[in-house]
2 protein chains.
Amino acid sequence: MVRRTDTRQRMLDTAADLFQTQGYHATGLTQLTTAGGAPKGSLYFHFPGGKEQLAAEAVRLSSERTGTLLEAILGDAPDPATGIDRTIDALAGFLTASDFQRGCPIATVALDAAAASDPIREACVDGYSSWHGILTGYLAGQGLSGERADELATIVLASIEGGLLLARTRRDLAPLRAVATHLHATLEREFS
Amino acid sequence: MVRRTDTRQRMLDTAADLFQTQGYHATGLTQLTTAGGAPKGSLYFHFPGGKEQLAAEAVRLSSERTGTLLEAILGDAPDPATGIDRTIDALAGFLTASDFQRGCPIATVALDAAAASDPIREACVDGYSSWHGILTGYLAGQGLSGERADELATIVLASIEGGLLLARTRRDLAPLRAVATHLHATLEREFS
């Protein structure tokens, strides 16, 4: 018999994927349970707050995984410009490997559900804040003032988010590549 | 009696607003007709392709209006840095006036519906391309090479899109303001 924690985790994994690719409202309860192989009706057993709770937890899971990846990439990079290049390369790889379905893991839900649900909005805000915090900490660790690191982290995050949105919609990496080139030059200038 | 074209236009206006604020899937057929004061069932009379056709046309309408505004702002600006400042000020005004409901008019639909519908995706791609074209033409007219104007237009568009996404989700203009400061400096450097 499958343990309760396994089923719950599988439902979360499935939800994170469905919310990333198609958003909150396009994803139905049946799809959320059956796509993960869980019995119909088990959603409320594992997530008493229903789809809204599942979405908030899925956004938190996706945010954490992306944050872990970001920390690993930046930690291995010889300099900030290379670190951001490699981060964008990884995101570009997810886009092309998924036939342009997987852009930012939380942006679709942030736009299509956060305005109407406080728990989902808080999860999205926390996700973006955690990535912003990782970038700020990294840039400050490379010698920038806290204030400048914070500003630059916002620029990096915003332009990557916009680049992912445009690349996904156009099914073409060019906008993301243009963002990468610009951020590379911006970071080289900042740290020269 | 209300003329057919009036009803059709009102449905399009309503749809453009609903799709901007809540996306494609959260917007139901009943809401699309009744919110605009149209009789129920009139959607298929005016839009034989149903909700998908209405969404594609609404995205085109929103894109055109935003493009017209962008052209007017840039045309009046004394220099590119000021032009982009004023563009972002206008977008920030829409965000705050709508209690952070109205960010980019097409981003929500681009993320939550474009992957599954070719007509909607084409409308989104055309919308982004038209804004990109306006920015490119303007920057080239200010003296940049076509290639550099194209690149820089992508940077401007991507970072504004990302700034709007973050600002809307956080209900805080700070990310958009950070993008504005960065783009201002980028454009001043480019045209100095």
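Procedures and definitions
- Residues numbered from 1 in each chain as written.
- Chains lettered and ligands numbered in written order.
- Predicted model: local features only at pLDDT ≥ 70, side-chain atom pairs only at ≥ 80, totals over all residues.
- Heavy atoms only, no water.
- Least-squares fit on C-alpha atoms with pLDDT ≥ 70 in both.
- Contact = heavy atoms within 4.5 Å.
- Buried < 20%, exposed > 50% of the residue type's maximum accessible area, 1.4 Å probe, protein only.
- Buried area = accessible area lost by both parts, 1.4 Å probe.
- Salt bridge = Lys/Arg side-chain N within 4 Å of Asp/Glu carboxyl O.
- Polar contact = N/O pair within 3.5 Å; in protein donor to acceptor, adjacent residues only side chain to side chain.
- Helix = DSSP H or I, 4+ residues; strand = E, 2+ residues; numbered from the N terminus.
- Nonpolar A, V, L, I, M, F, W, Y, C, P; charged D, E, K, R; others polar.
- Axes fitted to C-alpha atoms, helices over the stretch in contact; angles between N-to-C directions.
- Parallel < 35°, antiparallel > 145°, perpendicular 65-115°, else oblique.
- Left-handed = near helix turned anticlockwise from the far one by under 90°.
- Disulfide = S-S within 2.5 Å.
- Phe/Tyr/Trp six-rings, centres within 6.5 Å; stacked < 30°, edge-to-face > 60°.
- Lys NZ or Arg CZ within 6 Å of the ring centre and 35° of its normal.
- Core = buried A, V, L, I, M, F, W, Y, C linked by side-chain atoms within 4.5 Å.

Peer 1: Help me understand the relation of the copies chain B and chain A in this model?
Peer 2: Two chain copies here: they are related by a rotation about an axis and a translation along the same axis. The two copies are related by a screw operation: chain B maps onto chain A through 180 degrees of rotation and 0.0 Å of translation along the axis, at an RMSD of 0.0 Å. Overall, the copies show the geometry of a two-fold rotation axis. The overlap is high: 100% of the interface residues of chain B also sit at the interface in chain A, so the same surface is used on both sides.

Peer 1: I would appreciate a short explanation of unusual backbone geometry in the present structure.
Peer 2: Residues other than glycine predominantly adopt negative phi, and peptide bonds predominantly adopt the trans conformation. Residues and elements named next belong to chain B. Although it is not a glycine, F100 sits at a positive phi angle of roughly 65 degrees. Since its relative accessible area comes to 12%, F100 is described here as buried. For R171, which is not a glycine, the phi torsion comes out positive at approximately 55 degrees. On the basis of relative accessibility, which here comes to 29%, the residue R171 falls in the partly exposed class.

Peer 1: Quick question: what am I supposed to make of the interface of chain B and chain A here?
Peer 2: The figure often quoted for interface size is the accessible area lost as the parts come together. On the chain A side, the residues contacting the 36 residues of chain B number 36 residues. Carbon and sulfur atoms make up 71% of the surface buried where chain B meets chain A, a total of about 3300 Å² over both sides. Between chain B and chain A we count zero salt bridges in total. Summed over the shared surface of chain B and chain A, the number is seven residue pairs in polar contact (both at pLDDT 80 or more). Residue assignment for the side of chain B that touches chain A shows that the elements contributing at least two residues are α1 (4-22), α6 (107-112), α7 (118-141), α8 (146-170) and α9 (174-190) of chain B. The greatest single-element share of the side of chain B that touches chain A, amounting to 13 residues, is contributed by α8 of chain B. Looking at the side of chain B that touches chain A residue by residue, the class counts come to 17 nonpolar, 12 polar and seven charged.

Peer 1: Honestly, the pattern of salt bridges in this entry has me stumped. Any pointers?
Peer 2: Residues and elements named next belong to chain A. In this structure the tally under the stated criterion is 16 salt bridges over all chains. R148 serves as the salt-bridge partner of E151, at 2.7 Å between the closest nitrogen and oxygen. Here E151 pairs with R148, and both are found in helix α8 (residues 146-170), just three residues apart, close to one helical turn. Among the residues examined, E151 registers a relative accessible area of 31% and is labelled partly exposed. Accessibility expressed as a relative area gives 27% for R148, which makes it partly exposed.

Peer 1: When you look at the packing of helix α7 (residues 118-141) of chain A against α8 of chain A in this model, what are you seeing that I'm missing?
Peer 2: How two helices pack is summed up by the angle between their axes together with the distance between the axes. Residues and elements named next belong to chain A. Packing of α7 against α8 leaves a shortest axis separation of 8 Å and a crossing angle of 130 degrees. By the angle between their axes, α7 is oblique relative to α8. As α7 runs across α8, the sense of the crossing is right-handed. Mapping the contact onto sequence places Y128, W131, H132, L135, T136, L139 and A140 in α7 and G146, A149, D150, L152, A153, T154, V156, L157 and E161 in α8. Residues belonging to the contact of α7 with α8 are distributed by class as follows: 10 nonpolar, four polar and two charged.

Peer 1: Before we go on, may I ask you to explain the environment of L139 of chain A in this structure?
Peer 2: Following the sequence through the fold, L139 of chain A ends up in helix α7. What L139 of chain A contacts, discounting residues up to four positions off in sequence, is P80, L144, A149, L152, A153, L187 and F191 of chain A.

Peer 1: Can you help me understand the state of the cysteines in this one?
Peer 2: Note on terminology: disulfide describes a covalent bond linking the sulfur atoms of two cysteines. Enumeration over the complete set of coordinates arrives at zero disulfides over all chains. Cysteine C104 of chain A is unpaired, with the sulfur of C124 of chain A as its nearest cysteine sulfur at 8.6 Å.

Peer 1: I keep staring at the packing of aromatic side chains and nothing clicks. Help me out?
Peer 2: Aromatic ring pairs are described here by two measures, namely the spacing of the ring centres and the angle between the planes. Evaluated as defined, the whole model comprises four aromatic pairs over all chains. Between Y128 of chain B and W131 of chain B the ring centres are 5.6 Å apart and the planes differ by 85 degrees, which places this aromatic pair in the edge-to-face class. Placement of both Y128 of chain B and W131 of chain B in helix α7 is noted, with a separation of three residues, approximately one turn of the helix. Comparing Y128 of chain B with W131 of chain B, the two get one shared label, buried. Seen from the ring of Y24 of chain A, K51 of chain A lies directly overhead, with NZ or CZ sitting 4.3 Å from the centre.

Peer 1: What is the right way to read the nonpolar core from this model?
Peer 2: Side chains of a nonpolar character, in soluble globular proteins, are inclined to be buried together. Core analysis: the largest hydrophobic core is formed by 126 residues, its most contacted members being I84, Y128 and I160 of chain A together with I84, Y128 and I160 of chain B. Other than its neighbours up to four places away in sequence, I160 of chain B contacts I84, I88, L91, L176, V179 and L183 of chain B.

By themselves, these observations are geometric and do not establish any function.
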